[in-house]
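# Structural characterization, general
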Amino acid sequence: MNTAVPTPTPNALDRNAPRPRDLDDRRALRYLAGLLLLSTVVRGFFSWRLGLGDAEAYYWTWSRHLALSYYDHPPMVAWLIALGTSIGEQTLFVRLASLLLFNGVAWLLFGLTREITGRANDGLVAVAILHVVPAFFIGGMTATPDIPLAFFWLAAIRLYDLAVRRDRPPLFLAAGVAVGLAFLSKYFAILLPIVLLVHLSHRERRHYLRTPWPWLGALVALGATGFVIAWNVQHHWASTHYHLVARHHHVGPSLQLLGKVIGGQLGYITPLFLIFFLSTLFWLRRERRDDPGGQLLFVSSIIPLVVLGVISSITDESEPHWPVMGYLPLCAALAWRYETLPLARRFSTRVQRLRKAAVWFSLGLMGLFMIHVSTPALIRLLPASLYQPKVDITNELYGWPALGAAVERLRRVEGASFAMSYHYTMCSQLNYATGDRIPVLCPNHRLDQFDFMTDERSFYGKTGLFVGDNRYRRPPAEAVICRKLEKLEELDVYRGTTWVRRFTIYRCAGFSGVRPKTTGLSAR
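This one's a predicted model, so the numbers in the text were calculated from it and none came from an experiment.

### Describing the pattern of salt bridges
Counted by the stated rule, this structure contains 21 salt bridges. A salt bridge links R64 to D436; the shortest N-O distance between them is 3.4 Å. Of the two residues, R64 is situated in the loop between α2 (54–63) and α3 (76–85) and D436 in the loop between α21 (424–433) and β2 (440–441); the sequence distance between them amounts to 372 residues. One salt bridge connects D392 with R495, and the closest N-O pair in it is separated by 3.8 Å. Of this pair, D392 sits in the loop between α19 (377–381) and α20 (400–414) while R495 sits in strand β4 (residues 484–495); the two residues are 103 residues apart in sequence, bridging distant segments of the chain. The same class applies to D392 as to R495, namely buried. One continuous salt-bridge network, built from bridges that share partners, spans D54, D469, R471 and R501.

Shown next, in the form of structure tokens:
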């Protein structure tokens, strides 16, 4: 009697098992290079076409006053913008470093995933996930601290993994450099040493703590904080006080803040990918708890997600994107998970459908966003009664070149010495719109970087141009003290045929500072 011997199939949980669709490294790298080239062209096109966002203009303003650090953030974003704008002042060059560093993030993610899972396929899938999650792809074309943070964050994890996996202790020094540069990008990098120390304290790796290499790496990372410490010493610990005390007007659990955090994750990550990421976090803990790579992906995800998620839900100055660094390692883990799932036909079909739904939903969402941010097409489709320009944050990208031209023209006509507004985002956009050719003041009661870059008192008694808009309804007479204040011009901004914003330019003769808070003047 003949006994049928079943054809052996790869163990779905064996990370080294060969699979029919596995790619060799060389071919995978060609695919990766092609994907990044296409991605760079798309992101570069929109970076060139779109005006700067309010935060980007603020960071550009910093780059005109290079320093060891800044009030709101460490200095990396300003240094990188200065490097890009040494080529040209167009928005493309303001964002150039972010465009390139996003590609660096993709290469690091590919290498980390390939190293942990043993398959180049998984690295490509991880990079593909990176490109279809809005927080990463759209963030990858903006000049913000988050992109250099992501690059150096992932570089530190990658170098640390190589140091441990290949037993090359000197790489702890390189990882320390990456940690230091991550800290110079954004203060959240303070979590990185905690992540690496937690992973290193496992009994299989604890022996490294008895060698000098991890501690030397820690000293290297600590050395990078010298820039920030020196700036704070020079400015009476202003940034430290701001981040630890001044910005937290309310600290405590809040359903409203929790809803803001959850809503932010749903928007930045999309609902299906959020479900995939969180379930993958549990999968790492359950199925990969004994794998060093799985342990690394788990701790480097769970720590920033929990710590920054909790902070975001208890302080009113938080931003929903704060926990995003925790999703970076989960891109690798998600690729690993779905390439090792059992191949049962019914289960595989259901997973494939969910994966396709997640990808197409995310791509559709990003496509609609890019259409909206670059054209008035979607605005035209909405009834005028439903569209509220003030709450549409994409409108912050529009109208500034025309305003800059108007301000420069009126400056010559009115003999003004400077321009000003009453919010740091307005002041920053005004500064970029005028090409830094006219001093810009930002007189208000909130401390910001402008207070460290310009001496407001040196403009007392002079004539300036005050710019307001419909977003900030406080009349300029209630914001600044002028011997004589008169309205000069209004400038309406349209997207297509839809009115979205109005700038108002005033002449302030005999400027003498900020009006005290206690003054209760009526609008006039």
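Structure shown, so let's carry the discussion forward.
### Comments concerning the sheet that holds strand β5 (residues 498–509)
Strand order across the open sheet formed by five strands is β2-β1-β3-β5-β4, with mixed pairing between neighbours. The open sheet has two edge strands with one neighbour each: β2 and β4. Bridge count for strand β1 (residues 418–420) against β2 is two bridges, and the pairing is parallel. Of the residues in β2, the one forming a bridge with A419 is V440. Where α20 meets the sheet, its contacts fall on β1, β3 (464–469), β4 and β5, and the angle it forms with β5 comes to roughly 20 degrees.

### Re the state of the cysteines
This structure, assessed with the given rule, holds two disulfides. Across the disulfide from C427 sits C442; the S-S distance is 2.2 Å. Its S-S torsion of about 85 degrees marks the bond between C427 and C442 as right-handed, since a negative value means left-handed. Placement of the pair is C427 in helix α21 and C442 in the loop between β2 and α22 (450–453), with a sequence separation of 15 residues. Exposure class is identical for C427 and C442. Each is buried. A disulfide bridge connects C482 with C508, and the sulfur atoms are separated by 2.0 Å. Disulfide C482-C508: torsion about the S-S bond near -105 degrees, hence left-handed.

### Details of the nonpolar core
Grouped together as the largest cluster of nonpolar side chains are 88 residues, with contacts concentrated most on F136, F273 and F277. Here the element with the most residues in this core is helix α8 (residues 146–165); it accounts for 13 residues. Non-local contacts of F273, meaning those with residues more than four positions away in its chain, are made with I129, V132, V133, L334, A358, V359 and S362. In this structure, Y432, C442, V493 and V500 belong to the second largest nonpolar core, which totals 38 residues.

### A look at the packing of helix α1 (residues 25–49) against helix α6 (residues 120–132)
Viewed as axis vectors pointing N to C, α1 and α6 meet at an angle of 10 degrees, and their least axial separation amounts to 9 Å. With respect to each other, α1 and α6 are oriented roughly parallel. On the side of α1, the interface is formed by D25, A28, Y31, L32, L35, L36 and S39, while α6 contributes A120, L124, V127 and H131.

### Some thoughts on helix α15 (residues 271–287)
Its 17 residues give α15 an end-to-end C-alpha distance of 24 Å, which sits within 8% of 24 Å, the value for a rise of 1.5 Å per residue. Among the residues of α15, those classed as buried are F273, L274, F276, F277, T280, L281, W283 and L284.

### Topic: the packing of aromatic side chains
Enumeration according to the criterion identifies 30 aromatic pairs in this entry. Taken together, the ring pairs in this structure connect Y58, Y59, W62, Y70, Y424 and F450 into an aromatic cluster.

### Observations concerning the side chain of D54
Take D54: it is sitting in helix α2. With relative accessibility at 6%, the residue D54 sits in the buried group. Looking at D54, its side chain comes within polar contact range of the side chain of R471, at 3.3 Å. Filtering out sequence-adjacent residues up to four positions away, D54 remains in contact with E396, W400, T425, S428, Q429 and R471.

### A look at the side chain of S63
You can see S63 is positioned in helix α2. If sequence neighbours within four positions are ignored, S63 has contacts with A78, I81 and A82.

### Focus: a nonpolar patch on the surface
On the surface, L255, L258, I262 and L266 cluster together into a nonpolar patch covering about 380 Å² of accessible area. Relative to the assigned elements, L255 resides in helix α14 (residues 255–269). A residue is classified by how much of its surface remains accessible, and L255, at 75% relative accessible area, is exposed.

Scoring rules and cut-offs
- Residues numbered from 1 in each chain as written.
- Predicted model: local features only at pLDDT ≥ 70, side-chain atom pairs only at ≥ 80, totals over all residues.
- Heavy atoms only, no water.
- Salt bridge = Lys/Arg side-chain N within 4 Å of Asp/Glu carboxyl O.
- Helix = DSSP H or I, 4+ residues; strand = E, 2+ residues; numbered from the N terminus.
- Buried < 20%, exposed > 50% of the residue type's maximum accessible area, 1.4 Å probe, protein only.
- Pairing = 2+ DSSP bridges.
- Contact = heavy atoms within 4.5 Å.
- Axes fitted to C-alpha atoms, helices over the stretch in contact; angles between N-to-C directions.
- Disulfide = S-S within 2.5 Å.
- Core = buried A, V, L, I, M, F, W, Y, C linked by side-chain atoms within 4.5 Å.
- Parallel < 35°, antiparallel > 145°, perpendicular 65-115°, else oblique.
- Expected span 1.5 Å × (residues − 1).
- Phe/Tyr/Trp six-rings, centres within 6.5 Å; stacked < 30°, edge-to-face > 60°.
- Polar contact = N/O pair within 3.5 Å; in protein donor to acceptor, adjacent residues only side chain to side chain.
- Patch = residues over 30% accessible without salt bridge, like charges linked within 9 Å, V, L, I, M, F, W, Y side chains within 5 Å.
- Areas by Shrake-Rupley, 256 points an atom, 1.4 Å probe, with all protein chains shown as cover.

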